[in-house]
Amino acid sequence: MLVSVTFGKTFGQQLPRIYKAPEFDVEWRQPTNHPDRIVLSYGEDPSTTASVTWRTSSEIDTAYAEIAIATAAPKFWRNASTIKAVTTTFDALEINEAEVLANYHSVWFPDLKSGTTYAYRVGDGKRWSEWIQFKTAPMESKDRFSFLYVGDTQNFILELWSRLIRESYKKAPDARFIVHAGDLVNNAHNEQQWQEWFDAGGWIHGTIGAFPIPGNHEYRNLTPEASERSLSLQWKHQFTLPDNGPEGLEETAYFMDYQNMRIIGLNSNVDHQKQAKWVEKLLSETDKDWKIVTFHHPLFSASDGRDNKEWRELMKPIFDKYEVDLVLQGHDHSYARGRVSPNENVLDGVNMRDKTGTVYVVSVSGGKMYGLRKNAWEGYEAQRDRAAENTQLFQVITIENDKLSFESYTAVGELYDAFDLIKKAGQPNEFVGRDNEAIAERRFSNTIPYQDPLPEGAEESLLSRYPGYEVNGVRFVNDNEFIGYKVRLDKEGERKELSLDVNGKILE
Ligand SMILES: [Fe+2]
Ligand SMILES: [Fe+2]
């Protein structure tokens, strides 16, 4: 982390290492005549329907997918069928940060056989992708299956989300789909960031179905003058999702019934009332054993200064009433997992030991990290059981009949958090904590510093000069204009931006 510099008056002094972020040529993200950004999703019934979407240059205006039941014999394609794609032109040449013209192609595979491994490829009739395999859900609803869930990807996507998503594939290669709980990119319409997202996941995106819902970072103004934020222009072109959401929210709110589970994705950015009615209907009418809801803005925030009160007061009573088992969220760039008491709105210490209402999780998968809120969830009618800072995580959720196992893993594959939920007829879920299997809790204080470290004694002298402030956002800068530290001090909404020299002395 520390590196010696050997020039000027800083000779021999230990200065923080400066990270060289990658730069990308514009060509790097340009579409070609060959299919790229291939992404699989399932339909509302994943035992019979799946979709694939891909991108080419705008020259390719006719495209196809071929699909066959996969066999070990290489010429399984003799049994393939060919389906013409729906092609849409994505013209964002005039949009800042997008600046691209491409065609997207999508196909719904209808009438698939359940529990079957298929191989598909996509192309224009001459240029084809490789054959990519996936499996439909079985009809037998009690069979064991797993899926993955990741929080915000958003920052350092190619650099750091790549290792996370690849590790998740190693841990759960048979996972059937991946829940992306919003903030897949930082700047909604930014073409380079979407390219990073597709590159980081590579062929995993075409192999394991994507279940993405948008976060606040998928909404940005199209122009600096625009008064409203717009959904990422790429979103509807590049994902083909169940078209079963509320009117006006198609493909940003939708649901899927996977075996004995109903999973509902909500768009927490917009139209809350409409979605409250919609989710209540979906929860009330399903006879599935397991009910899981995912959206971006958490009901119980993991980080300081964040509270989605209106959203929580709207949704929590519905989740309580219909006994939602698990809620998967993002937004806070840290990890927090906890639960509410069963069948009531206040905590009951006796019940909480082994019975539980809805379990709530916030997680983060990309490289940007925030601090945890200081008071956990006190005053929020919920109990936070486990938390992390400064840790990239992915989650493997396994359902087998009446048991749900939740496991959270770090980017290097260590088990960070685990619990089981057991369904009991007519009773709240039994909660089985598995903290004893997990590694020690991680915080900024016991991990590699996220911010650049200040010289010894500098923090103390800053705080004695500015009592009550907290030192945030320390950044070591070494360019043609400045060598030293840029520091942000925060105190209850007040903020100071300071510059320090290499020795930590405040520059006036
Ligand atoms: Fe985020
Ligand atoms: Fe967010």
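Residues numbered from 1 in each chain as written. Chains lettered and ligands numbered in written order. Predicted model: local features only at pLDDT ≥ 70, side-chain atom pairs only at ≥ 80, totals over all residues.

**Student:** Give me the overall build of the protein: which residues, what numbers.
**Tutor:** Of regular secondary structure, the protein possesses eight helices and 31 strands. The C-alpha atoms of the protein give a radius of gyration of 24 Å, which matches the 23 Å a tight globule of 508 residues would have. Principal-axis analysis of the C-alpha atoms places the extent of the protein at approximately 75 × 60 × 45 Å. Considering the protein as a whole, with its 508 residues, one finds that 44% of them fall into the buried category. Relative to all contacts within the protein whose residues are 6 or more apart in sequence, the contacts with residues 24 or more apart total 65%. (Helix = DSSP H or I, 4+ residues; strand = E, 2+ residues; numbered from the N terminus. Rg over C-alpha atoms; globule rule 2.2 N^0.38 Å. Buried ≥ 20, exposed ≤ 12 C-beta atoms within 10 Å, placed from the backbone. Contact = placed C-beta atoms within 7 Å.)

**Student:** How would you explain the UniProt feature "domain: Calcineurin-like phosphoesterase" (unreviewed entry) in the protein if you had to name every residue and give the values?
**Tutor:** UniProt records the feature "domain: Calcineurin-like phosphoesterase" (unreviewed entry) at residues 147-335, using the numbering of this structure. Helix makes up 32% of residues 147-335 and strand makes up 21%, while its end C-alpha atoms are separated by 19 Å. (UniProt positions renumbered as here; feature names shortened; annotations may be inferred.)

**Student:** Residue-level account of the nonpolar core, with values.
**Tutor:** Grouped together as the largest cluster of nonpolar side chains are 103 residues, with contacts concentrated most on Leu-148, Ile-178, Val-293 and Val-327. For this core, the domains that each give at least three residues are domain 2 (31-139) and domain 3 (140-444). Discounting chain neighbours no more than four positions away, the residues touching Leu-148 are Ser-168, Ala-172, Ala-175, Ile-178, Val-179, Phe-394, Gln-395 and Val-396. One finds Val-474, Phe-476, Val-487 and Leu-500 within the second-largest nonpolar core, a separate group that totals eight residues. (Core = buried A, V, L, I, M, F, W, Y, C linked by C-beta atoms within 7 Å. Domains from an automatic or database assignment.)

**Student:** Describe in detail unusual backbone geometry, supporting the description with residues and values.
**Tutor:** The residue Phe-156 is not glycine, and still its phi comes out positive at about 55 degrees. Along the chain, Phe-156 falls in the loop between β11 (145-150) and α1 (157-171). Classification of Phe-156 by C-beta neighbours within 10 Å gives partly exposed; the count is 19. One non-glycine residue, Asp-183, lies in the positive phi region at around 55 degrees. Considering the arrangement of structural elements, one finds Asp-183 in the loop between β12 (177-181) and α2 (191-201).

**Student:** Can you break down the sheet that holds strand β19 (residues 326-329) residue by residue, with the values?
**Tutor:** What links the strands of a sheet is backbone hydrogen bonding, and the strands pair in either a parallel or an antiparallel sense. Here we have seven strands laid out as an open sheet, ordered β16-β17-β18-β19-β22-β20-β23, and mixed in their pairing. Only two strands of the sheet have a single partner each, and these edge strands are β16 (254-258) and β23 (383-388). With strand direction ignored, the average angle separating the axes of adjacent strands in the sheet is 15 degrees. Two strands pair when backbone bridges link them, and strand β17 (residues 261-265) and strand β18 (residues 290-294) are joined in this way by five bridges, in the parallel orientation. Of the residues in β18, the one forming a bridge with Met-261 is Trp-290. (Pairing = 2+ DSSP bridges. Axes fitted to C-alpha atoms, helices over the stretch in contact; angles between N-to-C directions.)

**Student:** Give me the lowdown on the packing of α1 against α2, citing residues and values where you can.
**Tutor:** The contact between α1 and α2 brings their axes to 8 Å, and the two run at 30 degrees. Looking at the two axes, α1 sits roughly parallel to α2. Considering only the axes of α1 and α2, their crossing is right-handed. Facing Ile-157, Leu-158, Trp-161, Ser-162 and Ile-165 of α1, the residues of α2 in contact are Gln-193, Glu-196, Trp-197, Asp-199, Ala-200 and Gly-201. For the contact of α1 with α2, the per-class residue count stands at six nonpolar, three polar and two charged. (Parallel < 35°, antiparallel > 145°, perpendicular 65-115°, else oblique. Left-handed = near helix turned anticlockwise from the far one by under 90°. Nonpolar A, V, L, I, M, F, W, Y, C, P; charged D, E, K, R; others polar.)

**Student:** How would you explain the packing of helix α5 (residues 272-285) against helix α6 (residues 309-321) if you had to name every residue and give the values?
**Tutor:** Running from N to C, α5 and α6 cross one another at 10 degrees; their axes reach a closest spacing of 10 Å. When the axes of α5 and α6 are compared, the pair comes out roughly parallel. Between α5 and α6, the residues in contact are His-272, Ala-276, Val-279, Glu-280 and Leu-283 and Trp-311, Leu-314, Met-315 and Ile-318, respectively. The residue makeup of the contact of α5 with α6, split by class, is seven nonpolar, one polar and one charged.

**Student:** Run through the pairing of strand β28 (residues 470-478), naming residues and quoting values.
**Tutor:** Each regular strand displays side chains that alternate between the two surfaces of the sheet. Looking at chain direction, β28 and strand β29 (residues 483-491) are connected through seven bridges and run antiparallel. From the neighbouring strand, Val-471 faces β29, where its bridge partner is Leu-489. Counting the residues between successive antiparallel strands, the hairpin from β28 to β29 contains four residues.

**Student:** An account of the sheet that holds strand β31 (residues 506-507) is needed here, citing residue identities and associated values.
**Tutor:** Pairing in this open sheet of four strands is antiparallel, and the strands run β28-β29-β30-β31 from one edge to the other. Only two strands of the sheet have a single neighbouring strand rather than two, namely β28 and β31.

**Student:** Explain α5 to me, using residue names and the numbers behind them.
**Tutor:** Here α5 is 14 residues long and its end C-alpha atoms lie 20 Å apart, about the 20 Å a rise of 1.5 Å per residue gives. Within α5, the full set of buried residues consists of Gln-275, Trp-278, Val-279 and Leu-283. Taken around the axis of α5, the buried residues stretch over an arc of 130 degrees, which confines them to a single face. Opposite its buried face, α5 presents the exposed residues Gln-273, Lys-277, Lys-281, Ser-284 and Glu-285, each directed more than 90 degrees away. The secondary structure elements touched by the buried residues of α5 are β17, β18 and α6. (Expected span 1.5 Å × (residues − 1). Arc of directions from axis to C-beta.)

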